[in-house]
Each structure stands twice: as C-alpha cells, then as structure tokens.
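# Overview (structure and organization)
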Amino acid sequence: MRHVIALDVGGTEMKAALVGLDGAVLYEARRATRRERGPAAVVEAILGFAEELRTHGQRQFGTTADAAGVAVPGIVDSEGGIAVYAANLGWRDVPLRELLSGRLGGIPIALGHDVRTGGLAEGRLGAGRGTGRFLFVSLGTGIAGAIGIDDGIESGAHGCAGEIGHIVVRPGGPVCGCGGRGCLEALASAAAVTRAWATVSGDPAADAAGCAKAVEAGDEAATGVWQAAVDALADGLVTALTVLDPRTLIIGGGLAEAGDTLFTPLRAAVAERVTFQRLPAILPAGLGDAAGCLGAGLLARDLLAAAVTV
C-alpha cells in the first residue's frame with residue numbers, strides 16, 4: 001500500500017503517522033524529542049524515528065514510503081530544505097531535507113513551519129474547511145499564525161508570513177523573545193499569562209490553565225490578568241484582519257483549551273474594535289494537537305501530486 005511519512009517535531013515530543021495517499025491514517029506513533037541532550041541529539045532522534053517509520057511501513061504494507069513531510073518549530077527555508085532557525089531546539093541552519101533523504105533512501109522530503117503546517121490541516125480538514133480565506137492563530141508558549149488562501153498557506157518571501165505574535169500591540173511593553181518590546185506574544189501567549197498570573201497570585205507554580213479556572217470561579221485578580229491578555233490579543237487580531245480580511249479566525253493552542261472562558265470575551269473584544277472591517281467568525285481549532293502531524297502528511301502528499309503534475 002502506497003503511503004507517506006508524516007512527522008511533527010515538537011520541543012518535547014514528536015508525533016508521527018504513516019498516511020495513505022487517500023489521506024487515511026494507517027499508523028501513529030510518538031517519541032521523545034530528547035532536547036535536553038542538545039541540538040545534535042534532536043537531529044539524530046528525528047532521523048532515527050523517521051527511519052523506524054520507514055521500516056515499519058515496509059514490513060506492514062510491503063512498500064517503503066513514497067515521500068515524507070516534516071513540521072518543525074521555527075523558520076524554515078522550505079525550498080532549500082533547511083531549518084533556518086528553531087530556538088527551542090537550539091538549531092540554526094540545519095540541512096534537514098538532505099539528512100532525512102539520506103536516511104530514507106532518497107525519497108522526496110517536504111519541510112514546513114509547525115504552526116503553518118497545522119494551519120494547512122485546519123484549512124483542509126478542520127475548522128477552516130471550505131472557508132477559502134482564514135487566519136489560524138496558535139496560542140501556546142509563543143504565538144504564531146498561518147494565512148490560509150484556498151487550499152494553501154501563504155509562507156511569504158522568506159518563510160515568515162503569519163508571525164502575528166510579533167505585532168507590537170503595547171509599544172515599550174515587556175521584552176519579547178524576539179528582542180522587541182510589547183509584542184503580542186509577550187502579552188497574550190500561554191507563557192505570558194502564566195508569568196502574569198504567577199506574579200499576581202504569588203504562586204510560582206501557577207500557570208495559564210490555573211488562571212482560566214480561577215476566572216471561571218470568579219476570582220477578580222485572575223479576571224484582570226485574563227482580560228489584559230484578551231485585550232492585547234484582540235488588538236493584534238484586529239490589526240491582522242485589517243490587513244488580511246479573512247473570512248474566519250481560527251484559534252488553537254493551549255489557551256484555546258479554555259473554551260468559552262477565552263472565546264466569549266475575545267469575540268466581544270474584537271467586535272468592539274472593528275470599524276469598517278468585516279467581522280470574521282472566530283472559531284476554535286478543530287484538530288487539536290493532531291493538526292501538525294496531519295499537515296505534515298498533506299505536505300508530503302502535495303509533493304507527490306506536484307511531481308505527477310510536472
């Protein structure tokens with residue numbers, strides 16, 4: 001049975017699947033990323049896992065994978081096959097396509113940014129299906145986005161399109177990991193809410209999920225922290241929808257797991273800020289943490305389809 005390898009590389013865990021050319025998930029597996037052992041160990045963990053998947057496919061289905069799609073958390077030169085920068089993996093300029101192709105018998109390899117790859121899956125298979133134009137935003141440790149146009153994702157001239165987390169919403173505000181100040185990511189990511197709630201609550205072990213629960217219980221201090229993040233997020237989203245005019249805003253990541261505790265005030269805050277802009281539907285992501293892996297499978301299948309077309 002013909003199939004492709006789909007691999008989503010996270011900071012602590014890798015999710016993988018073997019996917020049939022019809023899109024059916026044939027096999028799933030997870031492995032540790034081994035980030036604590038250093039950048040070289042992470043690369044080797046990816047290569048070893050990919051090789052294991054190739055072997056499993058050959059034994060189970062009688063044929064090796066036709067292609068592989070890999071999503072990584074960082075800036076990717078997809079045409080050059082290089083993971084240009086992935087801070088939480090300690091990477092810079094890793095020739096991942098070449099390394100993987102060497103381990104996997106020379107099959108074609110597609111690389112993608114993790115959030116934009118997840119956005120691809122949300123657009124074709126999840127909450128953005130049939131919308132044509134959408135913006136997918138992931139609220140996790142950081143904040144990143146994917147600009148959906150029909151069945152594809154706009155990556156930009158340098159692979160950086162969709163980095164909504166680095167829109168400055170509070171000039172002169174807190175320092176962001178990018179080196180700027182007042183970025184959306186520094187104010188409305190799960191990590192930012194965690195920091196703010198830990199400070200306000202006086203509990204160094206407090207986190208964003210705990211803040212959400214405290215909001216639901218009516219805690220005024222938690223509500224203040226939460227609303228500040230929602231307001232910053234709404235400011236960033238209105239900037240994005242002014243530029244992009246999406247039909248739908250899809251929100252995923254850890255903070256989205258708060259459900260209506262996030263979506264009710266967020267919808268209200270965005271509605272208060274729009275003037276001439278058309279208010280898009282604001283929806284929760286539909287695929288959860290499977291989006292990146294499913295998107296990697298789509299990247300691999302698209303690669304094969306493009307080769308056939310040519």
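The notes below deal with the structure included here. Position numbers for residues count from 1 along each chain, tracking the sequence in the order it is written. Only residues with pLDDT of at least 70 get local features here, since the model is predicted, and only at 80 or more are side-chain atom pairs given and counted; chain-wide, interface and lining totals rely on the full set of residues. Each side-chain value is derived from all of the structure's non-hydrogen atoms; neither hydrogens nor water enter the calculation.

So, about the overall build of the chain. Broken down by element type, the chain carries nine helices and 13 strands. For the chain, buried positions account for 50% of its 310 residues. Throughout, a residue-residue contact means that at least one pair of heavy atoms, one from each residue, lies within 4.5 Å. Long-range contacts, defined here as pairs at least 24 residues apart, represent 60% of the contacts in the chain between residues at least 6 apart. As displayed, the chain has an accessible area near 13900 Å², and 52% of this comes from carbon and sulfur atoms. We score Asp and Glu as negative and Lys and Arg as positive, and we do not count His or the chain ends. In plain terms, the charge of a residue is placed at NZ if it is Lys, CZ if Arg, CG if Asp and CD if Glu. Separation of charge centres in the chain, based on 25 positive and 33 negative side chains, amounts to 3 Å. In this description a helix means any DSSP run of H or I spanning at least four residues, a strand means any run of E spanning at least two, and both kinds are numbered starting from the N terminus. Only protein chains enter the calculation, and the probe is 1.4 Å; a residue is then buried if its accessible area is under 20% of its type maximum, exposed if over 50%, and partly exposed in between. Accessible surface area values rest on a Shrake-Rupley calculation with a 1.4 Å probe, where residue burial reflects the displayed protein chains alone.

With five of its five residues buried, strand β12 (residues 248-252) lies for the most part within the structure. The alternating pattern of β12 places Thr248, Ile250 and Gly252 and Leu249 and Ile251 on opposite faces, both of which are buried. Pairing analysis gives five bridges linking strand β9 (residues 133-139) to β12, with the strands arranged parallel. Note that in β12 the partner of Phe136 across the bridge is Ile250. Following the chain from β12 across helix α8 (residues 260-273) to the adjacent parallel strand β13 (residues 281-284), one finds a crossover that is right-handed. Pairing between strands is defined by DSSP: at least two bridges between them are needed. Clockwise travel from the first strand over the helix to the second, with the strands pointing away from the viewer, marks a crossover as right-handed.

What follows covers the pattern of salt bridges. Here, a salt bridge means any Lys or Arg side-chain nitrogen found within 4 Å of an Asp or Glu carboxyl oxygen. For the coordinates displayed, the defined rule picks out 13 salt bridges. We note a salt bridge from Glu44 to Arg103, for which the minimum N-O separation is 2.8 Å. One end of the pair, Glu44, is in helix α1 (residues 39-61); the other, Arg103, is in helix α2 (residues 96-103), with 59 residues separating them in the sequence. Here the residues in one salt-bridge network are Arg170, Asp231, Asp235 and Arg273, joined through shared partners.

Take unusual backbone geometry next. Of note in this structure, Asp93 is not a glycine but carries a positive phi near 55°. Judged by its relative accessible area of 49%, Asp93 is partly exposed. Backbone geometry places Asp150, a non-glycine residue, at a positive phi of 55°.

The residue Asp66 is located in the loop between α1 and β4 (68-72) in this model. Definition of a polar contact: a pair of N or O atoms within 3.5 Å, with one able to donate and the other able to accept a hydrogen when the atoms are protein atoms, and with sequence-neighbouring residues admitted only if both atoms are side-chain atoms. Within polar-contact distance, the side chain of Asp66 engages the side chain of Arg2 at 2.6 Å. Every residue in contact with Asp66, bar those within four places of it in the chain, is listed here: Arg2, His3, Leu21, Ile107, Pro108 and Leu304.

Its volume calculated, the largest pocket comes out at about 1500 Å³. Looking at the largest pocket, it is lined by 46 residues, and the ones nearest its centre are Asp114, Val115, Ser138, Thr141 and Gly142. Going through the elements one at a time, β1 (3-9), β2 (13-20), β6 (82-86), α3 (114-125), β9, β10 (143-149), β12 and α9 (291-309) are the ones with two or more residues in the lining of the largest pocket. Looking at the lining of the largest pocket element by element, the count peaks at four residues for α3. In the lining of the largest pocket, the residues fall into 18 nonpolar, 18 polar and 10 charged. Think of a 1 Å grid over just the protein atoms. A cavity is a set of points where a 1.4 Å probe fits yet cannot get out, a pocket is an open set with protein on both sides within 12 Å along at least five of seven lines, and lining residues have an atom within 4 Å of a point. Grid points are joined across faces, edges and corners, and a volume is the space filled by probe spheres set on the points. Taken as a whole, the second largest pocket spans an internal volume of roughly 580 Å³. For the second largest pocket, the lining is made up of 25 residues, of which Ser78, Leu111, Gly112, Ser155 and Leu299 are closest to its centre. The set of elements that each furnish at least two residues to the lining of the second largest pocket consists of β5 (75-77), β8 (109-113), α3, β11 (152-154) and α9. In terms of residues, the lining of the second largest pocket owes the most to one element, β8, which gives five residues. By the convention adopted, Pro, Cys, Tyr, Trp, Phe, Met, Ile, Leu, Val and Ala count as nonpolar, Lys, Arg, Asp and Glu as charged, and the other residues, Gly among them, as polar. Taken together, the residues of the lining of the second largest pocket sort by class into nine nonpolar, nine polar and seven charged.

Residue count minus one, scaled by 1.5 Å, sets the expected span of a helix. Along its 14 residues, α8 runs 20 Å from first to last C-alpha, staying within 8% of the 20 Å computed at 1.5 Å per residue. Burial in α8 covers these residues: Thr261, Leu262, Phe263, Pro265, Leu266, Ala269 and Val270. Looking at the packing, one finds that the buried side of α8 touches β9, α6 (208-216), α7 (220-244), β12 and β13.

Let us now look at the pairing of β4. The element β4 is largely enclosed, with a buried count of five among its five residues. What you see with β4 is no split at all: Ala68, Val70 and Val72 on one side and Gly69 and Ala71 on the other are buried throughout. Pairing of β1 with β4 involves four bridges; the strand directions are parallel. Note on β4: the bridge partner recorded for Ile5 is Ala68.

It is worth spelling out the environment of Ala234 at this point. Along the chain, Ala234 turns up in helix α7. For the pair formed by Ala234 and Glu272, sequence separation is 38 residues and the distance between their alpha carbons is 9.2 Å. Not counting chain neighbours up to four residues away, the residues in contact with Ala234 comprise Leu266, Ala269, Val270 and Arg273.

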